[in-house]
Amino acid sequence: MAKERKVPALIDNPMSFCAGCGHGIVIRLVAECIEELNQQDNIIFPIGVGCSSLLGGGMVADRLHCPHGRAASVATGMKRVTPDTTIITYQGDGDAYNIGISESLNAAYRNENITVITINNTNFGMTGGQMSWTSLPDQKTTTSPKGRDSGATGLPFRFPEMVAGQFDVAYAARGTVTSPKNVNKLKKYIKNGLEAQINGEGYSIIEVLSPCPTNWGLNPVKAMEQIEEQLIPYYPLGVFKNRKEKQDA
Ligand SMILES: Cc1ncc(C[n+]2csc(CCOP(=O)(O)OP(=O)(O)O)c2C)c(N)n1
Ligand code: SF4
Ligand SMILES: [Mg+2]
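Reference entry: report on the structure contained in this document. Predicted, not measured: the structure shown is a model, and the values here were computed from it.

## Re the overall build of the protein
Of the regular secondary structure elements, the protein holds 11 helices and seven strands. Against the globule reference of 18 Å for 249 residues, the protein gives a C-alpha radius of gyration of 17 Å, in line with a compact fold. A principal-axis box enclosing the C-alpha atoms of the protein has dimensions of 50 × 45 × 35 Å. Expressed as a percentage of its 249 residues, the buried residues of the protein come to 55%. Taking contacts inside the protein between residues at least 6 apart in sequence as the whole, the part at least 24 apart equals 69%. In the structure as shown, the protein presents an accessible area of about 11200 Å², 53% of it carried by carbon and sulfur atoms. Here the protein holds 24 positive side-chain charges and 24 negative ones, and the gap between their average locations is 3 Å.

## Brief notes about the pairing of strand β3 (residues 86-92)
Buried residues dominate β3, accounting for seven of its seven residues. The side-chain alternation of β3 yields two buried faces, one formed by Thr 86, Ile 88, Tyr 90 and Gly 92 and the other by Ile 87, Thr 89 and Gln 91. Relative to strand β4 (residues 115-120), β3 runs parallel, the two sharing five bridges. When the bridges of β4 are listed, Tyr 90 appears paired with Ile 117.

## As for the site of ligand 1
Around ligand 1, the structure places 15 residues, and the nearest of them are Cys 51, Asp 93, Gly 94, Asp 95 and Gly 125. Taking Gly 125, its main chain carries an N or O atom lying 2.7 Å from an oxygen atom of ligand 1. Between an oxygen atom of ligand 1 and a main-chain N or O atom of Met 126, the distance comes to 2.9 Å. Looking at the shell around ligand 1 element by element, the count peaks at three residues for helix α4 (residues 93-99). The residue inventory of the shell around ligand 1, partitioned by class, reads four nonpolar, nine polar and two charged.

## Description of the sheet that holds strand β7 (residues 238-242)
With mixed pairing, seven strands are arranged side by side in an open sheet as β2-β1-β3-β4-β6-β5-β7. Where the open sheet ends on each side, the last strands, each with one partner, are β2 (63-65) and β7. Ignoring strand direction, the axes of neighbouring strands in this sheet form an average angle of 15°. In the packing of helix α7 (residues 159-166) onto the sheet, the strands contacted are β5 (171-176), β6 (204-209) and β7, and the crossing angle to β5 comes to about 160°.

## Section: the site of ligand 2
The environment of ligand 2 is formed by Phe 17, Cys 18, Cys 21, His 23, Cys 51, Asn 121, Gly 125, Cys 212, Pro 213, Thr 214 and Asn 215. Ranked by residue count, the leading element in the shell around ligand 2 is helix α9 (residues 213-216), at three residues. The residue makeup of the shell around ligand 2, split by class, is six nonpolar, five polar and no charged.

## Quick notes on the packing of aromatic side chains
This structure, assessed with the given rule, holds six aromatic pairs. With a centroid separation of 5.3 Å and 90° between ring planes, the pair formed by Tyr 97 and Phe 157 is classed as edge-to-face. Separated by 60 residues along the polypeptide, Tyr 97 in helix α4 and Phe 157 in the loop between α6 (150-153) and α7 bring together distant segments of the chain. There is no split in this pair, since Tyr 97 and Phe 157 are both buried. An angle of 70° between the planes, with centres 6.3 Å apart, marks the rings of Phe 157 and Phe 159 as edge-to-face. Grouping aromatic residues by their ring pairs yields a cluster made of Tyr 97, Trp 133, Phe 157 and Phe 159. In this structure, Arg 158 is placed above the aromatic ring of Tyr 234, and the distance from its NZ or CZ to the ring centre is 4.1 Å.

## Considerations on the packing of helix α3 (residues 71-81) against helix α5 (residues 101-109)
Where α3 meets α5, the closest approach of the two axes is 7 Å, and the angle between their N-to-C directions is 40°. One finds that α3 runs oblique with respect to α5. Packed against α3, whose contacting residues are Ala 72, Ser 73 and Thr 76, the element α5 presents Glu 103, Ser 104 and Ala 107 at the interface. Considered class by class, the residues forming the contact of α3 with α5 number two nonpolar, three polar and one charged.

## So, the environment of Cys 212
Mapped onto the fold, Cys 212 is located in the loop between β6 and α9. Judged by its relative accessible area of 9%, Cys 212 is buried. In the structure, Cys 212 is positioned 187 residues away from Ile 25 in sequence and 12 Å away in space, judged by C-alpha atoms. Filtering out sequence-adjacent residues up to four positions away, Cys 212 remains in contact with Asn 121, Asn 123 and Gly 125.

The rules behind each value
Residues numbered from 1 in each chain as written. Chains lettered and ligands numbered in written order. Predicted model: local features only at pLDDT ≥ 70, side-chain atom pairs only at ≥ 80, totals over all residues. Heavy atoms only, no water. Helix = DSSP H or I, 4+ residues; strand = E, 2+ residues; numbered from the N terminus. Rg over C-alpha atoms; globule rule 2.2 N^0.38 Å. Buried < 20%, exposed > 50% of the residue type's maximum accessible area, 1.4 Å probe, protein only. Contact = heavy atoms within 4.5 Å. Areas by Shrake-Rupley, 256 points an atom, 1.4 Å probe, with all protein chains shown as cover. Lys, Arg positive; Asp, Glu negative; His and termini not counted. Charge placed at Lys NZ, Arg CZ, Asp CG, Glu CD. Pairing = 2+ DSSP bridges. Near = heavy atom within 4 Å. Polar contact = N/O pair within 3.5 Å; in protein donor to acceptor, adjacent residues only side chain to side chain. Nonpolar A, V, L, I, M, F, W, Y, C, P; charged D, E, K, R; others polar. Axes fitted to C-alpha atoms, helices over the stretch in contact; angles between N-to-C directions. Phe/Tyr/Trp six-rings, centres within 6.5 Å; stacked < 30°, edge-to-face > 60°. Lys NZ or Arg CZ within 6 Å of the ring centre and 35° of its normal. Parallel < 35°, antiparallel > 145°, perpendicular 65-115°, else oblique.

Listed below in structure tokens is the structure:
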């Protein structure tokens, strides 16, 4: 018989995301990790603008709704004045990568001791499915109705790989929510990222490939298939940087 998964005490309400959305799964995993690391009374979430801002609808935790894209800077300030508090940004791809790319890069560059969780659903979900930096080549969105023209708009970019390759960050990984196996792996990544912060190793980022069935025009099952078939080939899953492993080696 499958082992029952206990609902974390931090999850105090049914969440208000669309049916089949990935946000709720990730928030649940984050809550599980926080409790397993005994941080439930020691967290603040600087959260982004977008569907990520609905985190507070399901989770009871201190949080600050930051100006669009600025969560990494707000997190930096919070961590520097309260270094023993665990600071977790919760953002979307549009928030962290489009409008907030400067803040996101600067925090990673300085190896700020924060954990960044970015939900990459390849569009601006909350505002109706506009193209984002992570939209795939030829992806149809409300602002690229004929498909994303990468010649005119650039290629989708891979933030975790970029900071893992260029900056002295502690931890960078990408996971997804398409199967129980992937959900369990993602939980491990989130926990590793939080542990890096708690141990004072520095900046950790976990990007999540997450379905947005509403704006993708797909039912929840097809949206999961789309991640497997189209997103993962462009956005590989795995750990790109784990400074601790290097130090232990
Ligand atoms: C300064 C500012 N510009 C634009 C908006 C409109 N806006 C709200 S959410 C959003 C995009 C959010 O996309 P993403 O971060 O990918 O989150 P998702 O909803 O997809 O999870 C935008 C552009 C805003 N609220 N404030
Ligand atoms: S619009 Fe997309 S990201 Fe937002 S709640 Fe609905 S499915 Fe989730
Ligand atoms: Mg998005």
